[in-house]
Amino acid sequence: MDIRRVRVELGQRSYDICIGHSILSGLARHVKSLPVGRKGAIITNPSLNKLYGESLSRHLSGEGYGITTIELPAGEKYKTLKSVSRIYDTLAGERFERSSFIIALGGGVIGDIAGFAAATYLRGIPYIQVPTSLVAQVDSSVGGKTGVDHALGKNLIGAFYQPLLVWIDVGVLKTLPGRELIAGMGEVVKYGVIADEQFFKYIMESYRDILSLDKETLIHTVARSCEIKAMIVSSDERESGLRAILNFGHTIGHAVETATGYRKYRHGEAVAMGMVAAARLAVNMGLCRNDVAEVIDRLCRSIGLKTALPSVNTSELMDILRRDKKVVNEKIRFVLPVRIGEVTITENVDNDVLQETLQLCYTHDKSEN
Ligand SMILES: NC(=O)c1ccc[n+]([C@@H]2O[C@H](COP(=O)([O-])OP(=O)(O)OC[C@H]3O[C@@H](n4cnc5c(N)ncnc54)[C@H](O)[C@@H]3O)[C@@H](O)[C@H]2O)c1
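In this report, we go over the structure that sits alongside the text. (Residues numbered from 1 in each chain as written. Predicted model: local features only at pLDDT ≥ 70, side-chain atom pairs only at ≥ 80, totals over all residues. Heavy atoms only, no water.)

### What about helix 4 (residues 108-120)?
Consideration 1: Along its 13 residues, helix 4 runs 18 Å from first to last C-alpha, staying within 8% of the 18 Å computed at 1.5 Å per residue.
Consideration 2: Gly108, Ile110, Gly111, Asp112, Ile113, Ala114, Gly115, Phe116, Ala117, Ala118 and Ala119 are the residues of helix 4 that are buried.
Consideration 3: Leu122 sits one or two residues past helix 4 and shows a positive phi near 50°. (Helix = DSSP H or I, 4+ residues; strand = E, 2+ residues; numbered from the N terminus. Expected span 1.5 Å × (residues − 1). Buried < 20%, exposed > 50% of the residue type's maximum accessible area, 1.4 Å probe, protein only.)

Structure follows, in structure tokens:
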């Protein structure tokens, strides 16, 4: 088995991210090298259980583990405390102990819920992330942010809790719906802009191979994205400084998601709009050259990500931005590009410049969004 390893350095909480193609069944043997007991729960949704969970469970049983599978319904609307409670019911009912482990098999929704259940059951049991969507492989499975939504806001309840291992089989992306794959590319482009110009160029040259699921290109893309995220998380686990640069594109992106009720766009799609809007804001503030915004815009559109803001009222977007949970002392915090590969964090954004920029990014052409 050809496996690339990326290490997340966090002292005693350090862990490996293992990336390869068709490596899912190999996880069962790898678990034997980890400090876990003989009892484990696979948390997944019904379709992913059929596709991958059942066979993973058989492989783990073949290695002598007692495996329980917990199926949660698919979808963000089930990322709730109620789902976590269902997990507790099964774990407690089956007398899971401190050394028993959880495997989160799914996209970001499953990863966030299962991670939170692992963080809180018996004050923390080990868990393994097995991300199956591109967003989860390059972003949500790494870094230890776990949690669920509340009626009053997304991701309002949660904990920082690092996994014991992240096991990424890029082969499972073959069943991921095309729109989800493209949405995940929004986060991949983000890594190039915030930290690595060479990687950005690589994505420009190889996005077609990524979208057609070329094995080597996928492995490199996922591994480099994880390396960048690992480096940032290792230096700032709890987002007191540098980690905030991962929010590039997310401030305006979240506002777009909120304005459209989290139904119209996938997260990565909104991030693409947010990245281009943030880049145009940086141009208007004299922080970067126009070609930086242009090249981000062009790459996102080539991949199939729309970049013009949807037809929502700019003053509504401004109101939502002011209510963002990342607002500090009433100042909206933006991550803005200086050049490809470098961003800066600023709270000094003039409201008029922001409003003008949003207006510029807004589309009246309904066919585009
Ligand atoms: N914790 C973090 O750091 C972090 C970071 C980014 C996003 N998130 C969270 O992640 C969630 C979004 O994640 P997502 O985009 O993966 O959405 P998701 O988990 O809803 O997955 C999208 C859809 O794809 C399906 N799917 C996943 N993998 C598949 C595969 N291999 N084959 C077939 N179908 C597959 C899922 O069942 C689901 O229907 C949000 O809740 C967001 O808040 C968390």
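### Quick look at the environment of Ala114
Consideration 1: Here Ala114 is to be found in helix 4.
Consideration 2: Residue classification places Ala114 among the buried positions, given a relative accessible area of 0%.
Consideration 3: Excluding anything up to four places from it in sequence, Ala114 contacts Ile43, Ile102 and Ala104. (Contact = heavy atoms within 4.5 Å.)

### Examining the site of the ligand
Consideration 1: Every one of the 23 residues lining the ligand counts as a neighbour, but Glu76, Thr132, Ser133, Lys154 and Thr175 are closest to it.
Consideration 2: One of the side-chain nitrogen or oxygen atoms of Lys79 is found 2.9 Å away from an oxygen atom of the ligand.
Consideration 3: In the complex, 87% of the free accessible area of the ligand, which totals 870 Å², lies under the protein chains.
Consideration 4: When residues of the shell around the ligand are traced back to their parent elements, those giving at least two are helix 4, helix 5 (134-140) and strand 8 (153-160). (Near = heavy atom within 4 Å. Polar contact = N/O pair within 3.5 Å; in protein donor to acceptor, adjacent residues only side chain to side chain. Areas by Shrake-Rupley, 256 points an atom, 1.4 Å probe, with all protein chains shown as cover.)

### Thoughts on a negative patch on the surface
Consideration 1: Together, Asp2, Asp209, Asp214 and Glu216 make up a region of like negative charge exposed at the surface.
Consideration 2: If you trace the backbone, Asp214 turns up in the loop between helix 7 (197-211) and helix 8 (215-235).
Consideration 3: Accessibility expressed as a relative area gives 33% for Asp214, which makes it partly exposed. (Patch = residues over 30% accessible without salt bridge, like charges linked within 9 Å, V, L, I, M, F, W, Y side chains within 5 Å. Salt bridge = Lys/Arg side-chain N within 4 Å of Asp/Glu carboxyl O. Lys, Arg positive; Asp, Glu negative; His and termini not counted. Charge placed at Lys NZ, Arg CZ, Asp CG, Glu CD.)

Read these as layout, nothing more, since geometry by itself doesn't imply function.
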